[in-house]
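Now for the letters of each chain:
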Amino acid sequence: ALFCLILGSIHLSTSMLGLMSFGSRRCTRCGLVVSGFVAPYIAFVYVTIFIALLADSSGLFSYLEDHQGVMYLGENVVRNWERLMPLLYVLLALFSVAEVLRFVTLRKLRERLLLSDASDRYNTADCSTGNNDLSEALLGNDNGSVQASEVGATSVDSASKWWEN
């Protein structure tokens, strides 16, 4: 029972770290790394349980039969477990595959998000709407006024050229 609590706590905390890191750019999205690299270990636990049950499922059934009264189990519980074992094997295999896919997906997702963060940081499209007076002054012509550029900037007359005074 303690192992299940520890494994569940690790799984929950790393998943929450991954979720927070997905929504935030802080710490170069390290929560996705932590969440992604815990996934193979959890998959290893699932595979170990799968192999242990395949190797000795009769041990589980004999344990359930021996402790039926202590665990307050009904009469048909062992027979029901025997019928549900193929479903348990399929679920363990699917959980293992899901954890491996989580590892691969989170690695790729982190790389893409870091590239997106870097391109957003160096994106100059937002800077083009700033003050165009200085760049227009540099593009001026010989008659003392500056022609309006194709982005719709207004002309600047010679009185507003503060740098010539």
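It should be emphasised that the depicted structure is a prediction, and the values quoted were computed from it without experimental measurement. (Residues numbered from 1 in each chain as written. Predicted model: local features only at pLDDT ≥ 70, side-chain atom pairs only at ≥ 80, totals over all residues. Heavy atoms only, no water.)

Asker: An account of the overall build of the protein is needed here, citing residue identities and associated values.
Answerer: The number of helices and strands found in the protein is 5 helices and 0 strands. Listed N to C, the secondary structure of the protein is α-α-α-α-α in terms of helices and strands. Looking at the protein as a whole, 22% of its 165 residues are labelled buried. Counting only contacts in the protein whose residues sit at least 6 apart along the sequence, the fraction spanning at least 24 positions is 56%. A total of about 12,100 Å² of accessible surface is found on the protein, and carbon and sulfur atoms cover 64% of it. (Helix = DSSP H or I, 4+ residues; strand = E, 2+ residues; numbered from the N terminus. Buried < 20%, exposed > 50% of the residue type's maximum accessible area, 1.4 Å probe, protein only. Contact = heavy atoms within 4.5 Å. Areas by Shrake-Rupley, 256 points an atom, 1.4 Å probe, with all protein chains shown as cover.)

Asker: Requested: an account of the pattern of salt bridges, with residues and values cited.
Answerer: Oppositely charged side chains may form a pair once their charged atoms are brought near each other. Throughout the structure, instances matching the rule amount to 1 salt bridge. Here Glu99 makes a salt bridge to Arg102, at a shortest N to O gap of 3.1 Å. Linking Glu99 with Arg102, this pair stays in helix H4 (residues 77-121), spanning 3 residues, or about one helical turn. You'll find Glu99 and Arg102 in the same group, each marked buried. (Salt bridge = Lys/Arg side-chain N within 4 Å of Asp/Glu carboxyl O.)

Asker: How would you summarise the packing of aromatic side chains if you had to cite specific residues and measurements?
Answerer: Per the stated rule, a full pass over the model turns up 3 aromatic pairs. The interplanar angle of 45° and the centroid separation of 5.7 Å between the aromatic rings of Tyr46 and Phe95 together place this pair among those described as tilted. One end of the pair, Tyr46, is in helix H2 (residues 30-55); the other, Phe95, is in helix H4, and 49 residues separate them in sequence. Judged by centre distance (5.5 Å) and plane angle (75°), the rings of Phe50 and Tyr89 are edge-to-face. In this pair, Phe50 is assigned in helix H2 and Tyr89 in helix H4, connecting sequence segments 39 residues apart. Among the residues examined, Tyr89 registers a relative accessible area of 16% and is labelled buried. (Phe/Tyr/Trp six-rings, centres within 6.5 Å; stacked < 30°, edge-to-face > 60°.)

Asker: Hey, could you go over the side chain of Glu99 for me, with residue numbers and the actual values?
Answerer: Judged by relative accessible area, which is 7%, Glu99 ranks as buried. Within polar-contact distance, the side chain of Glu99 engages the side chain of Arg102 at 3.1 Å. What Glu99 contacts, discounting residues up to four positions off in sequence, is His11, Ala39, Ile42, Ala43 and Tyr46. (Polar contact = N/O pair within 3.5 Å; in protein donor to acceptor, adjacent residues only side chain to side chain.)

Asker: How would you summarise the side chain of Ser96 if you had to cite specific residues and measurements?
Answerer: Structurally, Ser96 can be placed in helix H4. Within the structure, the side chain of Ser96 is placed 2.9 Å from the backbone oxygen of Leu92, a separation counted as a polar contact.

Asker: Describe the environment of Cys30, naming the residues involved and giving the relevant values.
Answerer: Its location among the elements puts Cys30 in helix H2. Assessed through its relative accessible area of 37%, Cys30 is described here as partly exposed. Cys30 sits 12 residues away from Gly18 along the chain, and the two C-alpha atoms are 8.0 Å apart.

Asker: Outline the nonpolar core, supporting the account with residue identities and numerical values.
Answerer: In this structure, Leu7, Val38, Ile42, Val45, Tyr46, Leu53, Phe61, Leu64, Val78, Met85, Tyr89 and Leu92 together form the largest nonpolar core, which totals 12 residues. Among the elements that line this core, the one with the most residues is H2, at 5 residues. Ignoring anything within four residues of it in the chain, the contact list for Tyr46 reads Leu92, Phe95, Ser96 and Glu99. (Core = buried A, V, L, I, M, F, W, Y, C linked by side-chain atoms within 4.5 Å.)

Asker: Before we move on, can you summarise the confidence of the model for the protein with the specific residues and values?
Answerer: For the protein, mean pLDDT is 78; residues scoring 70 or higher make up 73% of the total. Averaged over each element, pLDDT in the protein is lowest for helix H5 (residues 133-138) (54) and highest for H2 (90). Across residues 145-153 the pLDDT falls below 50, and counting only partners more than four positions away or on other chains, this stretch makes 12 contacts in the model. (pLDDT = per-residue confidence, 0-100.)

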